[in-house]
Amino acid sequence: MKQSTFESAEQLNSVFSQRIVELLEQGIAKKGRASILVSGGRTPLGLFKALSETNMDWSKVDISLADERWVSTDDDASNEKLVRNNLLQGYASKASFYSLVADKADAADAIDEVSARVSAMSQPFDVLILGMGEDGHTASLFPCSAQIQQGLDLNTDQQLIAVTPTTAPHQRISFTLKALLSSQNIFLHLTGESKKQVLEQALAGDDEFAMPIRAVLSRADVELMWAA
Ligand SMILES: O=C1O[C@H](COP(=O)(O)O)[C@@H](O)[C@H](O)[C@H]1O
């Protein structure tokens, strides 16, 4: 794994946002449109702001999330709300956003509808930015969830699955490992010492079901973007 480390989150956000924009521009030059899957949670907040302030032809960019919490889009736990308020602003307001939520009480009942929606995105995804939880989950592929076998199954033809974590709140919808691995450029974006320790633990172990981030790292060229 290539590792890029930065003295501060600000420095990381500045370098990383430029890099992402370069990759998106290369995708546009090659295919006419480009796409990016971003993660939610707290880590990407500053990066989203830096991207939104970067001038490029965002009208040719499709954006979606690697995973979403099954909550209303005006709930503070909504990853979509985070993206709308911080990334889809300024220059980046011209991008096309593909929501992972639908008007269904249960995420499992929305998989077909949301899968059809995201199939309209430019694919393969040019850029995937993954986060990681303290339990080693990435996207919403949660260890110990009943759906983890399905999420890590490389023979699946599903891009999205519904997940009910046992260690975190909210039902989720998540891209599967297979769909995530089809991305052209995969980054793992982490900040803070504790996340680095979790990553080291994942790299040292061999149980992908216990630490799903390992399933990505062992199969793809992932670049770590880390700041203290
Ligand atoms: O629940 C989630 O958590 C992870 C990590 O979030 P962070 O707050 O520790 O940055 C995130 O990558 C994922 O998208 C989100 O749904």
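As a reminder, the structure under discussion sits directly above these lines.
Let me begin by describing the structure that accompanies this report.

Calculation rules
Residues numbered from 1 in each chain as written. Predicted model: local features only at pLDDT ≥ 70, side-chain atom pairs only at ≥ 80, totals over all residues. Heavy atoms only, no water. Near = heavy atom within 4 Å. Polar contact = N/O pair within 3.5 Å; in protein donor to acceptor, adjacent residues only side chain to side chain. Areas by Shrake-Rupley, 256 points an atom, 1.4 Å probe, with all protein chains shown as cover. 1 Å grid on protein atoms, 1.4 Å probe; cavity = no way out; pocket = protein on both sides within 12 Å on 5 of 7 lines; lining within 4 Å. Sits in = over half its atoms within 2 Å of the grid points. Nonpolar A, V, L, I, M, F, W, Y, C, P; charged D, E, K, R; others polar. Phe/Tyr/Trp six-rings, centres within 6.5 Å; stacked < 30°, edge-to-face > 60°. Helix = DSSP H or I, 4+ residues; strand = E, 2+ residues; numbered from the N terminus. Buried < 20%, exposed > 50% of the residue type's maximum accessible area, 1.4 Å probe, protein only. Lys NZ or Arg CZ within 6 Å of the ring centre and 35° of its normal.

Section: the site of the ligand
Line of reasoning, step 1. Around the ligand there are 14 residues in total, and Arg-42, Thr-43, Asp-67, Arg-69 and Lys-195 lie nearest to it.
Line of reasoning, step 2. At 3.1 Å from an oxygen atom of the ligand is found a side-chain nitrogen or oxygen belonging to Asn-79.
Line of reasoning, step 3. Between Lys-195 and the ligand, the recorded distance is 2.7 Å, taken from a side-chain N or O atom to an oxygen atom.
Line of reasoning, step 4. Burial of the ligand by the surrounding chains reaches 88%, relative to a free accessible area of 390 Å².
Line of reasoning, step 5. If you map the ligand onto the pockets, it falls in the largest pocket.
Line of reasoning, step 6. Within the shell around the ligand, the residues separate by chemical class into two nonpolar, seven polar and five charged.

Quick notes on the packing of aromatic side chains
Line of reasoning, step 1. In the structure shown here, the tally under the stated rule is two aromatic pairs.
Line of reasoning, step 2. With a centroid separation of 5.6 Å and 85° between ring planes, the pair formed by Phe-125 and Phe-175 is classed as edge-to-face. Taken as a pair, Phe-125 in the loop between α4 (111-118) and β6 (127-130) and Phe-175 in strand β8 (residues 172-175) lie far apart in primary sequence, 50 residues in all.
Line of reasoning, step 3. Note on Phe-175: relative accessible area 0%, which makes it buried.
Line of reasoning, step 4. Here Lys-196 stacks its cationic end above the ring of Trp-226, 4.3 Å away from the centre of that ring.

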